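Notes for the structure review
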Amino acid sequence: MDPVRLLLELSPLAGEGLRGDFVAAHLPRARRDGLGNVWAGEGPVLLLAHLDTVLPPKPPRRVGERLYGPGVGDNSSGVAVLLSLPEMPGVVRGFTVGEEGLGNLKGARALVETLAPEVVVAVDGYLPGVVDRALGSVRFRVTLLGRGGHAWGDRGTPNPVFALAEGLSRLHTLFKEVGGEASLNASGLRGGEAVNAIPKEASALLEIRALEEEALRTLYHKAQEVLEEAAQLHGVEVSLEVLGRRPAGSTATPRLLQAAEVALAKIGERPQFQPGSTDASAAIERGIPALALGVYRGGGAHTPEEWVLPQSLWEGREVLLAFLKALGVG
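Here goes a summary of the coordinates provided.

**Description of the sheet that holds strand β18 (residues 307-308)**
As summarised here, the arrangement of the 4 strands in space is β4-β5-β18-β17, forming an open sheet in which the pairing is antiparallel. Pairing within the sheet leaves two strands with one partner each, and these edge strands are β4 (61-63) and β17 (298-299). Looking at chain direction, β17 and β18 are connected through 2 bridges and run antiparallel. Each residue of the ladder has a partner; that of Gly298, found in β18, is Val308.

As structure tokens, then:
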């Protein structure tokens with residue numbers, strides 16, 4: 001099937017349910033589970049493309065050779081390329097939920113557990129990228145609690161918003177000192193309802209990423225200490241709730257890496273090996289050989305101005321088929 005046509009039909013659809021319906025309608029002998037995963041085929045090689053997007057999709061707009069729209073690349077293009085492949089012996093095509101945001105890889109983890117594959121390949125990302133190393137992460141919510149009160153009548157009452165602001169500022173400084181081996185992101189800040197009322201509560205969503213498990217654990221514990229110190233300084237209570245974890249590490253075998261090199265040579269490219277967080281992480285944490293293959297050209301992922309070169313999906317399809325051939329399946 002034509003991956004560009006599939007992309008144009010799929011990319012405006014919002015929500016994992018509608019996207020799963022679309023895939024199931026185009027996938028012979030499709031099966032579904034209670035989570036919303038869709039898959040078909042049997043064999044030791046499991047290909048995974050996630051259905052969900054970070055931002056709500058919109059109908060893409062064409063500007064020159066590019067298609068623009070939130071989610072048009074990540075991972076609508078990956079889904080379109082995988083869905084365009086023919087049925088192949090030894091290969092399972094899986095389409096997962098819960099890869100983005102707080103999904104915590106629930107779809108990929110469920111399929112890996114259910115199907116017990118020997119090899120997992122996430123179909124996700126830009127050509128000629130190959131994710132051969134899982135980037136670990138811990139995602140958590142920090143909540144600070146005070147008594148609240150009137151902005152003037154109760155002036156001097158501890159304000160959890162100020163405690164949160166100080167804690168985040170200290171964490172920002174800490175991670176600037178760590179450098180490029182780890183990252184911190186803060187989002188979803190909440191606190192207070194009125195300009196003249198001292199809030200009772202303030203909260204934020206935080207994500208720490210690191211290349212090594214030990215570094216990830218150390219940084220999370222440091223972040224916990226920093227936030228507890230800020231809360232104590234301001235006289236408020238603090239709690240941390242872990243919302244999701246992803247492993248760091250690698251199970252990419254020489255056979256997989258060589259297959260990626262052979263496949264990308266078909267379009268005159270060499271693989272750009274890099275760390276990343278993909279559905280392949282669900283296999284890596286179980287010790288199953290895995291990596292992720294990029295299958296389109298584009299940019300601006302996770303923004304409203306995300307774009308792809310639609311004709312590049314044909315390149316990605318060629319690479320994916322050549323990869324499977326190099327593995328001796330399909």
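**Structural notes on the sheet that holds strand β8 (residues 129-134)**
Within the open sheet, the 8 strands sit side by side as β1-β2-β6-β3-β7-β16-β8-β15. Their pairing is mixed. One side of each edge strand has no neighbouring strand; the edge strands of this open sheet are β1 (31-32) and β15 (272-276). In terms of strand pairing, strand β7 (residues 119-123) meets strand β16 (residues 290-293) through 4 bridges, oriented parallel. In the sheet register, Val120 faces β16, and the bridge partner there is Ala290. Sitting on the sheet, helix α9 (residues 312-327) touches β3 (45-50), β6 (91-96), β7 and β16, and the angle it makes with β16 is about 155°.

**Focus: unusual backbone geometry**
With an omega dihedral of 0°, the bond running from Asp74 to Asn75 counts as a cis peptide bond. Note that Asn75 resides in the loop between β5 (66-68) and α3 (76-84). Residue Pro128 is bonded to the preceding Leu127 through a cis peptide linkage, with omega at 0°. Along the chain, the position of Pro128 falls in the loop between β7 and β8. Within the chain, Asn104 stands out as a residue other than glycine whose phi angle is a positive 60°. Relative to the helices and strands, Asn104 is located in the loop between β6 and α4 (106-115). In this structure, His302 takes a positive phi of about 70° despite not being glycine. Among the secondary structure elements, His302 is positioned in the loop between β17 and β18.

**Here's the deal with the layout of surface pockets**
In this structure, the largest pocket occupies an estimated 790 Å³ of space. Taken together, 36 residues form the lining of the largest pocket, with Val54, Glu100, Arg139, Arg209 and His302 sitting closest to its centre. Elements with a contribution of two residues or more to the lining of the largest pocket: β8, β9 (136-145), β11 (182-191), β13 (201-210), β14 (237-246) and β15. Considered class by class, the residues forming the lining of the largest pocket number 15 nonpolar, 13 polar and 8 charged. Of the pockets and cavities examined, the second largest pocket occupies roughly 170 Å³. Taken together, Arg190, Gly191, Gly192, Glu193, Ala197, Ile198, Pro199, Lys200, Glu201, Ala202 and Ser203 make up the full set of residues lining the second largest pocket. Elements with a contribution of two residues or more to the lining of the second largest pocket: β11, β12 (197-198) and β13. With 3 residues, the top contributor of residues to the lining of the second largest pocket is β13.

Calculation rules
Residues numbered from 1 in each chain as written. Predicted model: local features only at pLDDT ≥ 70, side-chain atom pairs only at ≥ 80, totals over all residues. Heavy atoms only, no water. Pairing = 2+ DSSP bridges. Helix = DSSP H or I, 4+ residues; strand = E, 2+ residues; numbered from the N terminus. Contact = heavy atoms within 4.5 Å. Axes fitted to C-alpha atoms, helices over the stretch in contact; angles between N-to-C directions. 1 Å grid on protein atoms, 1.4 Å probe; cavity = no way out; pocket = protein on both sides within 12 Å on 5 of 7 lines; lining within 4 Å. Points joined across faces, edges and corners; volume = space filled by probe spheres on them. Nonpolar A, V, L, I, M, F, W, Y, C, P; charged D, E, K, R; others polar.

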